[in-house]
Structures are given as structure tokens and as C-alpha cells.
Amino acid sequence: MTAGRYHIKIEQGADLLLDIDVKDSSSSAVDFSGYSAVRSKFKNFVTDSSSVLEANNSNSRLTFSSTTGRLSLNVPASVTTSLTEGEGVYDMEVVDGSGVVFRVLEGTFEISPEVTD
């Protein structure tokens, strides 16, 4: 599986809702049956030890559908409101039942400031 690239715009103080449909080389939905985890970190720089935002199936901000190949990023406004304006990099990975990690998406993000609060 080769990772796709996508730029994500995060609006401070607003819900971030993004569905990503993961497809294989023949444009069929990837079957995530048997996968144990999905995870993502957003950082200002790749080398940063801390992240701006973490999303995974443990905190329910990033989930996946076993048979449709859909990843759903859902970060509530209560979380985005505390993010600082800026930009950076992220990736999203899935982990199969054997612990093998596949990167499915990577790219850049920007956080735009909230004017109305």
C-alpha cells in the first residue's frame, strides 16, 4: 500500500470532519478486516518530540470501517479551539492483526485562527 498525499485545513474552534476512502491499485476499497488500530499524529516539524494533535481509534478521533476502506477523522471543536495557528506535517497509519504498520495517508496541514468565539 503506497500512502496518498493530502493537505488538511483545520479551522480553530470548528469541528474537523473528514472521511478518507482508501483504495488499492485496482481502485477497490481496502478491506480492513482484521486490522487492530488506526493512528495519526500532527506535528509542526517531523523531528518534534511532541505533537499538536493525536487522533486514533483509542481516543475515537480516527476510526475505520472494516469493509468499506473508509477512515473517518472526527476532531470536535472543543479540541480544535485550543490549537495554535500554524502549519505542519501529519501521517495516518493502520496496523494489522500481526502488528504490521501501513502508512495510508501523509501530507501537510494548516490551522487557521478563529475570529468568532
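Above: the structure in question.
Residues numbered from 1 in each chain as written. Predicted model: local features only at pLDDT ≥ 70, side-chain atom pairs only at ≥ 80, totals over all residues. Heavy atoms only, no water.

J.: How would you sum up the environment of Leu71? Please name residues and give values.
T.: As for its placement among the helices and strands, Leu71 is situated in strand β7 (residues 70-75). We classify Leu71 as buried; its relative accessible area is 0%. For the pair Leu71 and Asp21, spaced 50 residues apart in sequence, the C-alpha separation works out to 6.4 Å. Excluding anything up to four places from it in sequence, Leu71 contacts Leu18, Asp19, Ile20, Val22, Phe32, Val38, Leu62, Thr63, Phe64, Met92, Val94 and Val104. (Helix = DSSP H or I, 4+ residues; strand = E, 2+ residues; numbered from the N terminus. Buried < 20%, exposed > 50% of the residue type's maximum accessible area, 1.4 Å probe, protein only. Contact = heavy atoms within 4.5 Å.)

J.: Explain the pairing of strand β4 (residues 35-43) to me, using residue names and the numbers behind them.
T.: Both β4 and strand β8 (residues 86-96) contribute to a ladder of 8 bridges, which runs antiparallel. Of the residues in β8, the one forming a bridge with Ala37 is Val95. Alignment of β4 against strand β5 (residues 53-56), held across 4 bridges, turns out to be antiparallel. Each residue of the ladder has a partner; that of Arg39, found in β5, is Asn56. (Pairing = 2+ DSSP bridges.)

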